[in-house]
Amino acid sequence: MEKYYKKKRTSEKLTTTFPPITFDNTCYRIGEKAVYLYSGEFHYFRVPKKDWRRRMKLFKEAGGNCLATYIPWLIHEPTEGHFKFGGKTGTHDVEGFLETAAEEGLYVIARPGPYQYSELLYDGLPRWLCENYPELHAHNIKGKMIRQSSISYLHPLFLEKVERWFAAICPLLSRWTVSKGGPLAFTQFDNEMGGIHIWFGSLDYNAKTLGLSDPMGRFPKFLENRYREISRLNKLYETTFADFASVLPPVPLPTSRLAEIRRMKDFFNFYQSMLAEYANILCSLMQQYGIDTPFVHNSAGPSMNAWFKPMVDSIRYPFILGSDHYYTLGQEWGQNNPTPQHATQIFTSMEMLRVMGMPPTVFELPGGSLSDWPPITPHDAKACYLMNIAFGMKASNFYIFTGGPNIPGTGTTSDIYDYGAAIGPRGEIRPLYKIQKDLGLFLKKNSWLVEAEHETGVRVGLDFDMPIAENYGWEARGELAITPADSWRFIHRGILSTAFCASLSPTFVDLSKESWMEDLGTPLIVVTSAVMARPIQEQLVRFLKNGGRLLLLPVMPTHDENLEPCTVLSDHLNGVITVRNHSQFTRVTVAGVANVYMNGEVFFLENLPSDAKIVGIDEISGRTLAAQWKPKDGGEVLIMGFRWLHAKREHELMLISLVKNLGFKAKVICSNPNIWVTLRTTGKQSALFLMNLLSAPMETRVKCRPAWSKKMIDTKNHKLEPMSVKVILLSENHKLRYGL
């Protein structure tokens, strides 16, 4: 970053000049130059001050251009009203840290909270706040405290205390923002919002925050804005409330009654709106006290990204949502290394961020692990890093790059905050550093990669209501054929797993937007449930009328986003309906693939148009489960009533045949379905990523056709070690080069 960094001395002190970092959904830029934001978490309050500069230089040598640090409220206001900044030891010297980063030419992401977590006592909040003000605690549905450090975000007294904290820390930080020549490029508000509630058993039901029984309270006003008339709410809730102020949050219990599911869905949507409101308040306070950088926030992981869609849509400030992508932090995680199951989660996370308009950013990429066992090793960490790049990561922050001693009485793990980081707590260089350095220098040398976009063969529709359904416990189906939560799991365990094994090169489109409708040639796969928002159903009808090609599975939607009857899509398609198979045994044959392993569910099609081509049947009953036709208003549709868990080669052959019927053209041909492949291109350059996320060595032969090539390029045979990712660089002259 040295060429972007200028020094000049005044009579008072060293000042610095850092150009602002801009961004779009493709990448970050400094001036006109696209850059990969390569950051490392570096806690000034844990790393000995005498070693700040040496460790910063090590990160620069590894290709780093940015640092991130929490600024713990716990440490800087240990006693209410008494702030500690500066000092010789470095534990409170925020400005000294920023100045050193500036002198080393490193940008900074500041994370002043109010929450930090970071294995700090009270999750980074001051002890006096959590112990002296019990009214601030988040409550469960029974009115009991969730946890001593779980605070109700929008409680007025909490916001009052937060404002005083921001009034102390933000003016200090504002002296170092890029607009004033300093290194502070981004400021994070809070940390992993929602986690502090849901991880400990409950959303927040604090009555004061929700404004229960108050006609102007948050929850009553939310319901009034949604339903307008209390009579409409009562009809859909099957209740007899006198007014909106009388409505109580639902008890979160398993149910199949649509009325109860509506109530739980409404409350979760309300909770999302509170997160968005909280975010806007924090940004407003930071700006009020001098912060003029873009703001960022980190989702706690792929499964939580969708929580923040209302925040992204409503936030009034330049903003980037990123995610955290750990593959293990202890033995209760689903894997000890980046498995294929983890890979589908990472792909989904990156694609969600991209379609929300962000450069896919991982604000916590594992630079170690909270647990020494199971360990994160350099070998599996390298596979993790390259897999994230393969799926579109355009910026990352190693959590952590280096650690050190906790300030006595502030840590919850041990006296040393180590994390198995690349640079140990005593400054020792560990083997992980070489992996991070190799990656950083590779990205620096091949800077064109940050603008490379995924070459797709098929598109998969993304309906943000599906991942949200898992969060309010919608499991029972009742009268519905299949729930949005069922369909979200099918996307991961069926469609995406099969598509990657079949080298179909999937990518996501946000079904609520219109930009994706311009592409009429690439097949669109839409996984449906019994519930699909009316606007999305209408959008799919328009897509077909415009000439689009659509694969719908496994059922036809019967209800809208309010769980009211809605058959807009079915009505356009001749009134076709899907009927559940009740027989214990079926023999599924689809698109010429016989006896496809049926480890999910089958739904039969009825009311098909007379010109429909039968594509799939149950050989035992003879009933139709897949059909294809061209609606008279335009386009082409293929409907299949089959939901599976990817397990067999027949699942791959079936999906390949279906999308070929809709005009699929392969971008990649891989001879080994256990190797997952992505192709990323910009201009006349491409990168082919071969991922072996299994525990055995693999061999494969791969051909690909980048956008700049008129024919398939044979990259020949490849051997891949267990848990490894191979990068092949291609250019117009067809010369192959190998990356990491």
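Since we're looking at a predicted model, the values are computed, not measured.

Q: How would you summarise the sheet that holds strand 28 (residues 642-643) if you had to cite specific residues and measurements?
A: Spatially, 21-24-28 is the arrangement adopted by the 3 strands of the open sheet, whose pairing is antiparallel. Looking at strand neighbours, the two that pair on one side only are strand 21 (577-580) and strand 28, the edges of this open sheet.

Q: Just give me the short version of helix 10 (residues 258-288), but keep the residues and values in it.
A: Given a rise of 1.5 Å per residue, 31 residues ought to cover 45 Å, and the 45 Å separating the end C-alpha atoms of helix 10 matches this to within 8%. Counting buried residues along helix 10, 24 of its 31 residues qualify, which places the element largely inside the surrounding structure. With its phi angle positive at about 105°, Gly-290 sits one or two positions after the end of helix 10.

Q: Got a sec to walk through the pattern of salt bridges? Specific residues and values, please.
A: Enumeration over the complete set of coordinates arrives at 42 salt bridges. Among the ionic pairs, Glu-41 bridges to Arg-111, the shortest N-O distance being 3.1 Å. Of the two residues, Glu-41 sits in strand 6 (residues 37-42) while Arg-111 sits in strand 8 (residues 107-111), which places them 70 residues apart along the sequence. In this structure, a network of salt bridges that share partners links the residues Glu-470, Glu-475, Arg-477, Asp-486, Arg-489, Arg-580, Glu-601 and Arg-643.

Q: Talk me through the pairing of strand 11 (residues 319-324); I want residue IDs and the actual numbers.
A: Counting buried residues along strand 11, 6 of its 6 residues qualify, which places the element largely inside the surrounding structure. Every second residue of strand 11 is oriented toward a common face, with Phe-319, Leu-321 and Ser-323 on one face and Ile-320, Gly-322 and Asp-324 on the other, all of them buried. Where strand 10 (residues 295-299) lies against strand 11, 5 bridges are found, and the strand directions are parallel. Directly across from Val-296, in strand 11, lies its bridge partner Ile-320. Between the parallel pair strand 10 and strand 11, the chain is carried across by helix 11 (residues 309-314), and the sense of this crossover is right-handed. In this fold, strand 11 hands off to helix 12 (residues 340-355), which returns the chain to strand 12 (residues 361-366); that crossover is right-handed.

Q: Quick rundown of the packing of helix 1 (residues 52-61) against helix 3 (residues 94-103)? Include the residues and the values.
A: Two elements in contact, helix 1 and helix 3, have axes separated by 10 Å at closest approach and are oriented at 45°. Relative to helix 3, the element helix 1 is oriented oblique. Crossing of helix 1 against helix 3: the hand is right-handed. Packed against helix 1, whose contacting residues are Trp-52, Arg-53 and Met-56, the element helix 3 presents Gly-96, Phe-97, Thr-100, Ala-101 and Glu-103 at the interface. Per-class residue counts for the contact of helix 1 with helix 3 are 4 nonpolar, 2 polar and 2 charged.

Q: Residues and numbers for the nonpolar core, please.
A: A general feature of soluble globular proteins is that nonpolar side chains tend to end up buried together. Ranked by size, the top nonpolar core spans 199 residues in total, and within it Leu-173, Phe-189, Met-311 and Met-640 carry the most contacts. Sort the elements by how many residues they give to this core and helix 10 lands first, with 16 residues. Sequence-distant contacts of Phe-189, defined by excluding residues within four places in its chain, comprise Gly-113, Ala-279, Leu-282, Cys-283, Met-286, Phe-295, Val-296, His-297, Met-311, Ile-315 and Phe-319. In terms of nonpolar packing, the next biggest core, distinct from the first, is built from 25 residues, Ala-533, Ile-536, Leu-544 and Val-637 among them.

Q: I'd like to hear about the packing of aromatic side chains, residue by residue, with values.
A: This structure, assessed with the given rule, holds 47 aromatic pairs. When the centroid spacing of 4.6 Å and the interplanar angle of 0° are considered together, the rings of Tyr-205 and Phe-267 count as stacked. Here Tyr-205, found in the loop between helix 6 (195-198) and helix 7 (207-210), pairs with Phe-267, found in helix 10; they are 62 residues apart in sequence, far enough to count as distant. You'll find Tyr-205 and Phe-267 in the same group, each marked buried. With centroids separated by 6.5 Å and ring planes inclined at 55°, the aromatic side chains of Phe-401 and Tyr-433 adopt a geometry described as tilted. Of this pair, Phe-401 sits in strand 13 (residues 395-402) while Tyr-433 sits in helix 14 (residues 431-445), and the two are 32 residues apart along the sequence. According to the relative accessible area criterion, Phe-401 is buried, its value standing at 0%. Three or more aromatic residues joined by ring pairs form one cluster here, namely Tyr-36, Tyr-38, Phe-59, Tyr-385, Phe-398, Phe-401 and Tyr-433. Sitting over the ring of Tyr-417, Arg-46 keeps its end group 3.6 Å from the ring centre. Geometry around Phe-464 places Lys-309 over its ring, the cationic atom sitting 5.2 Å from the centre.

Q: Go over the pairing of strand 12, please, and point to the residues and values.
A: Here strand 12 lies mainly inside the structure; 6 of its 6 residues are buried. The pairing of strand 11 with strand 12 spans 2 bridges and is classified as parallel. Within strand 12, the residue paired with Asp-324 across the bridge is Glu-364. Where strand 12 meets strand 13, 4 bridges bridge the pair, whose relative direction is parallel. Counterpart to Pro-366 in the pairing with strand 13 is Tyr-399. Of the crossover connections in this fold, the one passing from strand 12 over helix 13 (residues 378-390) to the parallel strand 13 is right-handed.

Q: Break down unusual backbone geometry for me, with residues and values.
A: Residue Pro-114 follows Gly-113 across a cis peptide bond; omega there is 20°. Checked against the element boundaries, Pro-114 lands in the loop between strand 8 and helix 4 (127-132). Backbone torsion omega between Leu-553 and Pro-554 reads 5°, so that peptide bond is classified as cis. Within the secondary structure, Pro-554 is located in the loop between strand 20 (549-553) and helix 18 (568-572). Non-glycine residue Glu-119 carries a positive phi angle of around 55°. Along the chain, Glu-119 falls in the loop between strand 8 and helix 4.

Q: Could you give an account of the sheet that holds strand 5 (residues 33-35), naming the residues involved and the relevant values?
A: Taken in spatial order, the 3 strands of this open sheet run 3-4-5, and their pairing is antiparallel. Two strands bound the open sheet, and with one partner strand each, they are strand 3 (21-23) and strand 5. Mean inter-strand twist for the sheet, computed between neighbouring axes without regard to direction, equals 40°. Alignment of strand 3 against strand 4 (residues 28-30), held across 3 bridges, turns out to be antiparallel. In the sheet register, Thr-22 faces strand 4, and the bridge partner there is Arg-29.

Analysis parameters
- Residues numbered from 1 in each chain as written.
- Predicted model: local features only at pLDDT ≥ 70, side-chain atom pairs only at ≥ 80, totals over all residues.
- Heavy atoms only, no water.
- Pairing = 2+ DSSP bridges.
- Helix = DSSP H or I, 4+ residues; strand = E, 2+ residues; numbered from the N terminus.
- Expected span 1.5 Å × (residues − 1).
- Buried < 20%, exposed > 50% of the residue type's maximum accessible area, 1.4 Å probe, protein only.
- Salt bridge = Lys/Arg side-chain N within 4 Å of Asp/Glu carboxyl O.
- Right-handed = clockwise from strand over helix to strand, strands pointing away.
- Axes fitted to C-alpha atoms, helices over the stretch in contact; angles between N-to-C directions.
- Parallel < 35°, antiparallel > 145°, perpendicular 65-115°, else oblique.
- Left-handed = near helix turned anticlockwise from the far one by under 90°.
- Contact = heavy atoms within 4.5 Å.
- Nonpolar A, V, L, I, M, F, W, Y, C, P; charged D, E, K, R; others polar.
- Core = buried A, V, L, I, M, F, W, Y, C linked by side-chain atoms within 4.5 Å.
- Phe/Tyr/Trp six-rings, centres within 6.5 Å; stacked < 30°, edge-to-face > 60°.
- Lys NZ or Arg CZ within 6 Å of the ring centre and 35° of its normal.

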